[in-house]
Protein chains: 2
Amino acid sequence: MPSIQDVAQLAQVSTATASRALSRPDMVAQTTRERVLKAARQLGYQPNVLARGLRQGETRTIGVIVTDILNPFHATLAKGIQDAADRHGYVAFLFNSDEDPAKERRALDTLRGHLPQGLILVPTSGAREHLKAMPDLPVVELDRVTGRPDATTVTTDNTGGGAAATRHLIELGHTRIGMIVGQQDISTATERHDAYRAALHAAGLTYDPALVLPGNHREDDGYRAAMHLLSLPADHRPTALFVGNNEMTVGAVLAARALSLRIPEDLSIVGFDDSRWAQTMTPPLTVVAQPAYDLGVQACELLLRRLSASGNRTPARVQLPTTLILRHSTAPPARPRSGASGPDPSAAHPPVTPSTGPPRA
Amino acid sequence: MPSIQDVAQLAQVSTATASRALSRPDMVAQTTRERVLKAARQLGYQPNVLARGLRQGETRTIGVIVTDILNPFHATLAKGIQDAADRHGYVAFLFNSDEDPAKERRALDTLRGHLPQGLILVPTSGAREHLKAMPDLPVVELDRVTGRPDATTVTTDNTGGGAAATRHLIELGHTRIGMIVGQQDISTATERHDAYRAALHAAGLTYDPALVLPGNHREDDGYRAAMHLLSLPADHRPTALFVGNNEMTVGAVLAARALSLRIPEDLSIVGFDDSRWAQTMTPPLTVVAQPAYDLGVQACELLLRRLSASGNRTPARVQLPTTLILRHSTAPPARPRSGASGPDPSAAHPPVTPSTGPPRA
DNA sequence: CTGAAAGCGCTAACAC
DNA sequence: GTGTTAGCGCTTTCAG
């Protein structure tokens, strides 16, 4: 790799001038500037960011930790962040915590050694503790929230989304609405759960803890929880399910299939977070959609604004709206006549908004 | 951030000793070592990798460029790489080219400034040219291949996979088998295409260029191509489709649905690359599966082996097998009686291997 | 076994 | 406008 020395030598100037020509073009005479740029091009010069970062204390680098890069929601967050960072000349280092606080801890330590100028974090339950060790690092909490008092956060309206999903099911006539909910030490899970409970109460329905099962955000957690709920005796079994994240929703659908329950005739399902899978499964799934890409972009923009000295007074909390997208996985409950759970011909499709046209771009 | 100076001072030693105590424990007396380690722990010392990398010329960093992080196949490659790198104490910097040679070029330049010790690249068509500019960087080409003579590559057996898929359709009795194929400047696309053609010839069927349409690996390319092929007059329309990658397969399935063609009664489909979507769609999709995670791991292991001086003579090309997974998207063609494409009761499910049990772990 | 000192590539004072 | 020089944090000779 050619160094700036090589460039300077070829251009017959000092390294200082070469450096200025490349980074502060207006501090150098037109002709020398051109000579330096030509030399740089000729050598394929690429500044060594290690040296530059070491010297300036500015790496133009941000760290990103998501909990599961294989989850399309997180992959989309990451893409939004990287695209935004790129537009501003920053590079984003992406790490995975796999929902594991210990891995998150290690990722943070590794990251720290690379002197990122800021961090965008989808926190695990351990994050609050971990972040104490790095009090000077500007952090944006994304999607979930640690509860640190002065945190900068970019989230979605989980409360509104949870309420909309639950109300939708209530309006269809469901009274036994089960919920599969994420870990209760994760903010999104509790918010969605609380909204569900509040919506039930508001409608005069009782909240039945037996119909609420936790899972650790993975597909098989959803599968197991749904299996349990759907195996309850017919007069206890929920006629509708609100599932607290996208991966668990897949599991819940597969469980319903394994039990030969038809969706929506025998069971209505509303998922959280939209995805191609939700759009194209049979039947297309009613979901609470989140603007994942935009969440990533906003988190990055917000972080970079905070990094620039000028933007000292930037908003501390951004919240993006959710949208309930009605498709075909919800319907009024089958009227239980004999107490058996057979199909009920009176079950009808709910009104739907358009949703499964030609593929997205 | 505390520096090694701070540690040295607290431990009452020189920075040299502190450095040795941390990186070469056996070069330092037991007691001093303990003193240094304690000081380091106490201060939360984290080595500055910029300074270290600058000094040693070794960053313990590798670059990774995939073409589409939102594609689960690529996300899985990336995860395999990162997990493997992590096990060896390396960190992987992940970039996206979005199938765009210009973006790939920029990613390479950015990466180069970070002095990665090696690169794992899913190349675009521009890669061969781009890599000329960095002849000293050890590169592993992953999934696809640039065709550079001495390249180190980790790929799957596209030829075997393409042949198996095509033969499967032929054995079911299909004679008009369409193919939606990737860009012909991408090695995986040409290999799969060649295998398809060879399998047709081997079975005495003629290769009909009108039944082969290219796409740029995205869902909507598959949609458009399938729309075109499936809108051909009934006696020209293919009764089966072999689709050359996972995203385009989604598009093809949606096109079939849009045209109200039943799968597999009216149309058999075999996709390339397995995914949760393929497993859980209706009907479950017959696919040529690739070991994506393992591809990533192998690429990383291979690269790191090449980096260690000892492993000078490591294999240059690794190829992993593909597996044809029979599910329910293929069946014998409907016997064309009146020339109309109505359903044929003689269409039957093919024998299948187990495929859609409870969710994966 | 430990310390002093040089130097990785770069930029920012500070001179001229 | 340009050159000289120091120093970012670290590791590694080279002495002792």
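About the criteria used
- Residues numbered from 1 in each chain as written.
- Chains lettered and ligands numbered in written order.
- Predicted model: local features only at pLDDT ≥ 70, side-chain atom pairs only at ≥ 80, totals over all residues.
- Heavy atoms only, no water.
- Least-squares fit on C-alpha atoms with pLDDT ≥ 70 in both.
- Contact = heavy atoms within 4.5 Å.
- Pairing = 2+ DSSP bridges.
- Helix = DSSP H or I, 4+ residues; strand = E, 2+ residues; numbered from the N terminus.
- Axes fitted to C-alpha atoms, helices over the stretch in contact; angles between N-to-C directions.
- Near = heavy atom within 4 Å.
- Polar contact = N/O pair within 3.5 Å; in protein donor to acceptor, adjacent residues only side chain to side chain.
- Nonpolar A, V, L, I, M, F, W, Y, C, P; charged D, E, K, R; others polar.
- UniProt positions renumbered as here; feature names shortened; annotations may be inferred.
- Buried < 20%, exposed > 50% of the residue type's maximum accessible area, 1.4 Å probe, protein only.
- Salt bridge = Lys/Arg side-chain N within 4 Å of Asp/Glu carboxyl O.

**Student:** How would you explain the relation of the copies chain A and chain B if you had to name every residue and give the values?
**Tutor:** Overlay of chain A on chain B (RMSD 0.0 Å): rotation 180 degrees, translation along the axis 0.0 Å. Such a combination of turn and shift is consistent with a two-fold rotation axis. By C-alpha distance to the rotation axis, the residue of chain A lying nearest is Leu50 of chain A, at 2.4 Å. A high fraction, 100%, of the interface residues of chain A reappear at the interface in chain B, so the copies pair face to face through one surface.

**Student:** Describe the sheet that holds strand 8 (residues 240–243) of chain A, naming the residues involved and giving the relevant values.
**Tutor:** Residue and element names in this part refer to chain A. Pairing within the open sheet is mixed, and its 6 strands lie in the order 7-6-8-9-10-12. Strands at the two margins of the open sheet, each flanked by one partner only, are strand 7 (212–214) and strand 12 (323–325). The sheet shows a mean angle of 15 degrees between the axes of neighbouring strands, taken without regard to direction. Taken together, the 3 bridges between strand 10 (residues 286–289) and strand 12 define a ladder with antiparallel strand orientation. Paired with Val287 across the two strands is Ile325, which belongs to strand 12. Across the sheet, helix 9 (residues 187–202) touches strand 6 (177–181), strand 7, strand 8 and strand 9 (268–272), and the angle it forms with strand 6 is around 170 degrees. Packing against the sheet, helix 11 (residues 246–258) makes contact with strand 6, strand 8 and strand 9, and its axis sits at approximately 160 degrees to strand 9.

**Student:** Give a description of the protein's contact with DNA strand C that names residues and reports values.
**Tutor:** Within the structure, DNA strand C sits among 26 residues, and Ile4, Tyr45 and Arg55 of chain A together with Thr17 and Arg55 of chain B are positioned closest to it. The sugar-phosphate share of atoms of DNA strand C within 4 Å of the protein amounts to 65%. In the model, a phosphate oxygen of DNA strand C is placed 2.9 Å from a nitrogen or oxygen of the Ala29 of chain B main chain. One of the side-chain nitrogen or oxygen atoms of Thr32 of chain B is found 2.9 Å away from a phosphate oxygen of DNA strand C. Those elements that provide at least two residues to the surface near DNA strand C are helix 2 (15–23) and helix 4 (49–56) of chain A together with helix 2 (15–23) and helix 4 (49–56) of chain B. Residue composition of the surface near DNA strand C, by class: 11 nonpolar, 9 polar and 6 charged.

**Student:** Give a description of the UniProt feature "domain: HTH lacI-type" (unreviewed entry) in chain A that names residues and reports values.
**Tutor:** Those residues carrying the UniProt feature "domain: HTH lacI-type" (unreviewed entry) are residues 2–56 of chain A in this numbering. Spanning residues 2–56 of chain A, this segment combines 71% helix with 0% strand, and its end C-alpha atoms are found 20 Å apart.

**Student:** Tell me about the environment of Asp143 of chain B, and please be specific about residues and values.
**Tutor:** All names here are of chain B. Within the secondary structure layout, Asp143 lies in the loop between strand 4 (139–142) and strand 5 (152–156). In this structure Asp143 comes out as buried when scored by relative accessible area, which is 4%. For the pair Asp143 and Gln319, spaced 176 residues apart in sequence, the C-alpha to C-alpha distance is 9.2 Å. In contact with Asp143, other than residues within four places in its own chain, are Phe73, Val122, Val154, Thr155, Asn158, Thr188, Arg192 and Gln290.

**Student:** How would you summarise the protein's contact with DNA strand D if you had to cite specific residues and measurements?
**Tutor:** Every one of the 26 residues lining DNA strand D counts as a neighbour, but Thr17 and Arg55 of chain A together with Ile4, Tyr45 and Arg55 of chain B are closest to it. Close to the protein, within 4 Å, the atoms of DNA strand D are drawn from sugar and phosphate at a rate of 63%. Between a phosphate oxygen of DNA strand D and a main-chain N or O atom of Asn48 of chain B, the distance comes to 3.4 Å. Within the side chain of Gln56 of chain B, one N or O atom sits 3.4 Å away from a phosphate oxygen of DNA strand D.

**Student:** Account for the pattern of salt bridges, with residues named and values stated.
**Tutor:** Residue and element names in this part refer to chain B. Taken as a whole and judged by the stated rule, the model has 31 salt bridges over all chains. In this structure, the salt-bridge partner of Arg144 is Glu99, at a minimum N-O distance of 2.7 Å. Of this pair, Arg144 sits in the loop between strand 4 and strand 5 while Glu99 sits in the loop between strand 2 (91–96) and helix 6 (101–113), placing them 45 residues apart in sequence. Residue class for Arg144 comes out buried when judged on its relative accessible area of 3%. Arg262 is paired through a salt bridge with Asp266; the nearest N and O atoms lie 3.1 Å apart. With relative accessibility at 35%, the residue Arg262 sits in the partly exposed group.

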